[in-house]
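# What the coordinates show
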Amino acid sequence: MKIDSVSSRSNAEIVDYLERRCEALNLKTQRYSYRDEAGSDKINLIALAGTDFSNTQVELALVGHTDTVPYDPNWSEATNLTERDGKLYGRGSCDTKGFIAAALSAVETLDLARLNKPLALIFTADEEIGLRGAKYLARIKPLRARYSIVGEPTSLQPIRAGKGYSLAEVIVKGREAHSAYPALGASAVFRAARLIHRLETIAEQLRDDEHPAFDPPYTTLNVGVVHGGTAKNVLAGECRFTLEWRPVPTQPSERVLHLFNAAIAAERQADPTFACEVDASRADSGFETAPDSPLIKLLEQATGLESGTVAFGTEGAQMQALGSEPVVLGPGDIREAHRTGEFVPVAELEQCTEILKHAVEQLCA
Ligand SMILES: [Zn+2]
């Protein structure tokens, strides 16, 4: 079985496959589809055990994204799952098809007729390109869950909180002129440099708002790309840069934007012709589940690992929007994800199946 489900393609093929597996278990399934900007069909699939779509309040949801990041075409194992030294190599093996396989195996070996409380499997689209499938579900709210386990490679450590992710493009305007006569224009590069210098000060300020559960324990920001000017002897007419920040879950994403807007206002005060646009394209919130949540306690006990936090984005916030206390957990190491040579250890895959079985038995019994 090999199915290429890179985010740029439709995920219909893998959803067809997952739906057949769920139907074979007599689960009730429903698709929640949309079209992406390229016109490809993108499908979120929900499968229910112990209830149907007339009552969509479930006790536990197991959540896995169906898409993967792209792969190098020279990596022959990318779509040919290969076992070597107790590891399974292939694109998506650890991020996040391994978790999906473990969730299906867990459900297949459980006696579903004995569950007193409903269970859901949620398979999402487009996680790797901005959590779009999960955001779609968070908006239309096709179900409510009390607890959720979101599959991501955490080496089976339960993750109870994650930082958010926000992104903006900043376009600073200047006025072109011959560089021998700078008074005739205004350099967008110098203007952007002043603004970026202020961002470094904002980054320092953000350290005051501490969230000790995280490493680093505060909101971080980054200017990752700067583009400006056209030639060495021309005052730059435009300079663009990206501003990315990862807010701790106790801080609203807008906090950084407010500080940045104040910095722009200060520049404008010093130079009334200062011109700049801010195009904020993403504001994904983080999530946090209390350390004494029954799901955290259960997973800490089942894995023998203390719960932790991560600084990268996950679908945890969207699952929180569906009413649940989310935990992120899955086989494989995040440092192996998104690389050529991605793999998942077979032992972790099997252990994950047992952990998920145990969680379903404890919570849905
Ligand atoms: Zn993932």
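Residues numbered from 1 in each chain as written. Predicted model: local features only at pLDDT ≥ 70, side-chain atom pairs only at ≥ 80, totals over all residues. Heavy atoms only, no water.

### Concerning the coordination of the zinc ion
Around a metal, the ideal angle is 109.5 degrees if four donors adopt a tetrahedral arrangement and 90 or 180 degrees if six donors adopt an octahedral arrangement. Note the cut-off: Only nitrogen, oxygen and sulfur atoms qualify as donors, and only when within 2.8 Å of the metal (3.2 Å in the case of Na, K and Ca); with water excluded, sites may look incomplete. The numbering of helices and of strands both runs from the N terminus, where a helix is a DSSP run of H or I of at least 4 residues and a strand a run of E of at least 2. Between buried and exposed lies partly exposed: a residue is buried under 20% and exposed over 50% of the maximum accessible area for its type, with that area taken using a 1.4 Å probe on protein chains only.
On the protein side, the zinc ion has His-65 (NE2), Asp-95 (OD), Glu-152 (OE) and Glu-152 (OE) as donor atoms, found 1.8 to 2.5 Å from it. Along the chain, the residues donating to the zinc ion are arranged with the sequence spacing H-x29-D-x56-E. A residue pair is termed long-range when its members are at least 10 positions apart, and Asp-95 in helix H2 (residues 93-108) and Glu-152 in the loop between strand E7 (144-150) and strand E8 (159-162) qualify at 57 residues. By relative accessible area, Glu-152 is classed as buried at 3%.

### A short note on the sheet that holds strand E17 (residues 343-345)
Neighbouring strands of a sheet are bound in pairs by backbone hydrogen bonds; such pairs are parallel or else antiparallel. Cut-off, in case you're wondering: Criterion used throughout: strands pair if DSSP finds at least two bridges between them. Axis definition: a line fit to C-alpha positions, over the contact stretch in the case of helices; interaxial angles, taken between N-to-C directions, run 0 to 180 degrees. Residues count as neighbours in contact if any of their non-hydrogen atoms are within 4.5 Å of one another.
An order of E4-E5-E17 is seen for the three strands of this open sheet, with the pairing classed as antiparallel. Looking at strand neighbours, the two that pair on one side only are strand E4 (82-84) and E17, the edges of this open sheet. Across this sheet, the average inter-strand angle for adjacent strands is 25°, counted without regard to direction. In the sheet, E4 pairs with strand E5 (residues 87-89) via three bridges, with the strands oriented antiparallel. Among the inter-strand pairings, Arg-84 is bridged to a residue of E5, identified as Lys-87. Along the sheet, H2 contacts E5 and E17; its crossing angle with E17, the most-contacted strand, is approximately 50°. Set on the sheet, helix H8 (residues 346-364) makes contact with E4, E5 and E17; between it and E17 the angle comes to about 65°.

### So, H8
Basically, it comes down to this: The span one expects for a helix is its residue count, reduced by one, times 1.5 Å.
Look at H8: 27 Å from first C-alpha to last across 19 residues, which is about the 27 Å you get at 1.5 Å a residue. Among all positions of H8, only Val-346, Glu-348, Leu-349, Cys-352, Thr-353, Ile-355, Leu-356, Lys-357, Ala-359, Val-360, Leu-363 and Cys-364 are buried.

### Describing the packing of helix H6 (residues 294-303) against H8
Keep this limit in mind: Orientation labels follow simple angle bins: below 35 degrees gives roughly parallel, above 145 gives roughly antiparallel, 65 to 115 gives roughly perpendicular, and whatever is left gives oblique. The hand of a helix crossing depends on one turn: near helix anticlockwise from the far one by less than a right angle means left-handed, and clockwise means right-handed. Gly is placed with the polar residues, together with every amino acid not listed as nonpolar (Ala, Val, Leu, Ile, Met, Phe, Trp, Tyr, Cys and Pro) or charged (Asp, Glu, Lys and Arg).
Viewed as axis vectors pointing N to C, H6 and H8 meet at an angle of 140°, and their least axial separation amounts to 10 Å. Here H8 runs oblique to H6, going by the angle between their axes. Judged by the sense of rotation from one axis to the other, the crossing of H6 with H8 is right-handed. Two secondary-structure elements touch here, H6 through Leu-295, Leu-298, Leu-299, Ala-302 and Thr-303 and H8 through Ile-355, His-358, Ala-359, Gln-362 and Leu-363. Grouping the amino acids of the contact of H6 with H8 by side-chain chemistry returns seven nonpolar, three polar and no charged.

### What about the packing of aromatic side chains?
Just so we agree on the cut-off: Ring pairs shown here join Phe, Tyr and Trp side chains whose ring centres sit within 6.5 Å, with only the six-membered ring taken for Trp; geometry is labelled stacked below 30 degrees between planes, edge-to-face above 60, and tilted in between. Over a ring means this: the NZ of a Lys or the CZ of an Arg is within 6 Å of the ring centre and within 35 degrees of the ring normal.
This model, assessed by the stated rule, comprises two aromatic pairs. Between Tyr-89 and Phe-343 the ring centres are 5.4 Å apart and the planes differ by 50°, which places this aromatic pair in the tilted class. Residue Tyr-89 is found in strand E5, and its partner Phe-343 is found in strand E17; the two are separated by 254 residues along the sequence. Judged on exposure class, the residue Tyr-89 and its partner Phe-343 are both buried. The ring of Tyr-89 carries Arg-84 above its face, with NZ or CZ at 4.3 Å from the centroid. A cation over an aromatic ring shows up here: Lys-87 above the ring of Phe-343, its NZ or CZ 4.7 Å from the ring centre.

### A short note on helix H5 (residues 254-270)
Across its 17 residues, H5 extends 25 Å between first and last C-alpha, which sits within 8% of the 24 Å expected from 1.5 Å per residue. The elements touched by buried residues of H5 are strand E9 (165-173), helix H4 (188-206), strand E12 (238-246) and strand E13 (275-284).

### Some points on the packing of H2 against H8
Between H2 and H8, whose axes approach to 8 Å, the crossing angle comes to 50°. In terms of their interaxial angle, H2 and H8 are classed as oblique. Between H2 and H8 lies a crossing of right-handed hand. On H8, the residues touching Gly-98, Phe-99, Ala-102, Ala-103, Ser-105 and Ala-106 of H2 are Leu-349, Cys-352, Thr-353, Leu-356 and Lys-357.

### Here's the deal with the layout of surface pockets
If you roll a probe as big as a water molecule over the atoms, it shows you where there is empty space left. What counts, and what does not: Here a cavity denotes a set of grid points, spaced 1 Å apart and computed over the protein atoms alone, in which a 1.4 Å probe fits but from which it cannot get out, and a pocket denotes an open set meeting protein on both sides within 12 Å along at least five of seven lines; residues with an atom within 4 Å of a point are reported as lining. Grid points are joined across faces, edges and corners, and a volume is the space filled by probe spheres set on the points.
Roughly 540 Å³ of internal volume is contained in the largest pocket. Lining the largest pocket are 28 residues; nearest its centre among them are Met-1, Leu-81, Lys-97, Gly-98 and Ala-101. Only helix H1 (12-24) and H2 provide two or more residues apiece to the lining of the largest pocket. Broken down by class, the residue content of the lining of the largest pocket amounts to 15 nonpolar, eight polar and five charged. Here the second largest pocket defines a volume of roughly 280 Å³. Around the second largest pocket, the lining is made up of 16 residues, and of these Glu-127, Glu-128, Phe-312, Gly-313 and His-338 lie nearest the centre. For the lining of the second largest pocket, the residue count by class is six nonpolar, four polar and six charged.

Worth remembering: the numbers are spatial, not functional.
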